[in-house]
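Breakdown of the fold
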Amino acid sequence: ATTVALAPRCHGLRSLRRFHKVCDFLDMNLDETKVQLAPFHPKWRFEGRRLPGEGDVPEPESDAANYVNRAPIPAFHFLRVSEVESAAA
């Protein structure tokens, strides 16, 4: 089973920076052997990718990769690791 937590009225999560901080907090406090977090946000943007010898390079806002984690409202999808592993097998 999975759980999706939607936050349409949580005004603090409208800021992508604050949303990332909440995601960091959740990642630090979830048992990663049991639960995986998949975050979604209307303004989702990957902070950057590491290129060999060049450091972090910011993703352009229009990069298609940024749309993977976009949703109309802030949301947190909690997945059971065992079920993700079974589906991937």
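All figures in this text were calculated on a predicted structure; none of them were measured in a lab. (Residues numbered from 1 in each chain as written. Predicted model: local features only at pLDDT ≥ 70, side-chain atom pairs only at ≥ 80, totals over all residues. Heavy atoms only, no water.)

1. Side note on the nonpolar core
By size, the foremost hydrophobic cluster in this structure holds nine residues: A7, L13, L16, F19, C23, L26, L37, W44 and F76. Element by element, the count of residues in this core is highest for helix 1 (residues 16-29), at four residues. Leave out the neighbours within four places in its chain, and L37 touches C23, L26, D27, L30, F76, H77 and F78. (Core = buried A, V, L, I, M, F, W, Y, C linked by side-chain atoms within 4.5 Å. Buried < 20%, exposed > 50% of the residue type's maximum accessible area, 1.4 Å probe, protein only. Helix = DSSP H or I, 4+ residues; strand = E, 2+ residues; numbered from the N terminus. Contact = heavy atoms within 4.5 Å.)

2. Quick look at the pattern of salt bridges
By the definition in use, this model includes one salt bridge. A salt bridge links R80 to E83; the nearest nitrogen and oxygen atoms lie 3.9 Å apart. (Salt bridge = Lys/Arg side-chain N within 4 Å of Asp/Glu carboxyl O.)

3. A short note on the sheet that holds strand 1 (residues 2-6)
An order of 1-5-2 is seen for the three strands of this open sheet, with the pairing classed as antiparallel. This sheet does not close on itself; its edge strands, each paired only once, are strand 1 and strand 2 (35-40). Neighbouring strand axes in the sheet, compared pairwise and without regard to direction, differ in orientation by 15 degrees on average. Note: strand 2 against strand 5 (residues 75-80), six bridges, orientation antiparallel. Its bridge partner being in strand 5, A38 is matched across the sheet by H77. Contacting strand 2 and strand 5, helix 2 (residues 81-88) crosses the sheet at an angle of about 75 degrees to strand 5. (Pairing = 2+ DSSP bridges. Axes fitted to C-alpha atoms, helices over the stretch in contact; angles between N-to-C directions.)

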